[in-house]
Amino acid sequence: DGGITQSPKYLFRKEGQNVTLSCEQNLNHDAMYWYRQDPGQGLRLIYYSQIVNDFQKGDIAEGYSVSREKKESFPLTVTSAQKNPTAFYLCASSTTRQETQYFGPGTRLLVL
Amino acid sequence: DQQVKQNSPSLSVQEGRISILNCDYTNSMFDYFLWYKKYPAEGPTFLISISSIKDKNEDGRFTVFLNKSAKHLSLHIVPSQPGDSAVYFCAASLSGGGADGLTFGKGTHLIIQP
């Protein structure tokens, strides 16, 4: 069954702590993306990667970091530098030839 | 400054009637537009898209219209069904070939009333 998985569904972060959100896809897509959604807002692009071992900052990359060591995986780390991390985080993937992106189920991050 | 705008936060339509969701954009370099449907606490689901070289694309009950001169697009759902109740996001792409990020509007909450 092809698709995008994100884990965990809910994640709690303590002050000053780094947390990592997982995103895996078995669609054989080259490109992967991370977005953040806040209540009443649209999705905003954090980071994206068009190919393994390469990634670019999106509109709101400050306080976040990513890696792309494998085609299937694009983990996002929310660092302690991100002062307002509470949000719904969405991972997506696409081919490099099409604009259509397919999304995972999301991870809700809450700060304790 | 928002480049993709959905000015109606919510829209209520009777079941069986037409739902029309609107989206405006400011960046004339956008060349591909998409509509996504989203339920609470879930990821968005792709619905339909349109390239800037077209002015209409149809897929079953869903039709997207693009007016480039007005920088406006709309999604028509006919007939509206209860399962259509969700938040609909308009998104635009600059890339012309894929693999860059999308720019999203804030969404319109569509409510289908029985």
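As shown above, the structure is provided for reference.
All values derive from a computational prediction rather than experimental measurement.

Engineer: Honestly, the overall build of chain A in this entry has me stumped. Any pointers?
Structural biologist: Helices and strands together make up the secondary structure of chain A, namely zero helices and eleven strands. In chain A, the order of α-helices and β-strands from amino to carboxyl end is β-β-β-β-β-β-β-β-β-β-β. Here chain A has a C-alpha radius of gyration of 13 Å; the compact-globule value for 112 residues is 13 Å, and the two agree. Dimensions of chain A, computed from C-alpha atoms along their principal axes, come out at roughly 40 × 25 × 25 Å.

Engineer: How should I be thinking about the sheet that holds strand 6 (residues 56-59) of chain B in this particular structure?
Structural biologist: By definition, the strands of a sheet pair up through backbone hydrogen bonds, in either a parallel or an antiparallel sense. Residues and elements named next belong to chain B. Taken together, five strands build an open sheet; the order of strands is 1-3-8-7-6 and the sheet is antiparallel. Where the open sheet ends on each side, the last strands, each with one partner, are strand 1 (4-5) and strand 6. Across six bridges, the pairing between strand 7 (residues 62-67) and strand 8 (residues 72-77) is antiparallel. Residue pairing across strands places Phe62 opposite Ile77, the latter belonging to strand 8.

Engineer: Is there a simple way to explain the packing of aromatic side chains in this structure?
Structural biologist: The description of an aromatic ring pair rests on the distance of the ring centres and on the angle between the ring planes. For the structure shown, the criterion picks out 15 aromatic pairs over all chains. Centroid distance B:Tyr36 to B:Phe46: 5.9 Å. Interplanar angle 70°. Geometry classified as edge-to-face. Linking B:Tyr36 in strand 4 (residues 32-38) with B:Phe46 in strand 5 (residues 45-51), this pair joins segments that are ten residues apart in sequence. Put simply, the rings of A:Tyr33, A:Tyr35, A:Tyr48, A:Tyr102, A:Phe103, B:Tyr36, B:Phe46, B:Phe89 and B:Phe104 touch in pairs and so form one group of aromatic residues.

Engineer: Looking at this model, I keep getting lost on a nonpolar patch on the surface. Mind explaining?
Structural biologist: All names here are of chain A. On the surface, Tyr10, Phe12 and Leu112 cluster together into a nonpolar patch covering about 360 Å² of accessible area. Checked against the element boundaries, Leu112 lands in the segment after strand 11 (107-111). On the basis of relative accessibility, which here comes to 62%, the residue Leu112 falls in the exposed class.

About the criteria used
- Residues numbered from 1 in each chain as written.
- Chains lettered and ligands numbered in written order.
- Predicted model: local features only at pLDDT ≥ 70, side-chain atom pairs only at ≥ 80, totals over all residues.
- Heavy atoms only, no water.
- Helix = DSSP H or I, 4+ residues; strand = E, 2+ residues; numbered from the N terminus.
- Rg over C-alpha atoms; globule rule 2.2 N^0.38 Å.
- Pairing = 2+ DSSP bridges.
- Phe/Tyr/Trp six-rings, centres within 6.5 Å; stacked < 30°, edge-to-face > 60°.
- Patch = residues over 30% accessible without salt bridge, like charges linked within 9 Å, V, L, I, M, F, W, Y side chains within 5 Å.
- Areas by Shrake-Rupley, 256 points an atom, 1.4 Å probe, with all protein chains shown as cover.
- Salt bridge = Lys/Arg side-chain N within 4 Å of Asp/Glu carboxyl O.
- Buried < 20%, exposed > 50% of the residue type's maximum accessible area, 1.4 Å probe, protein only.

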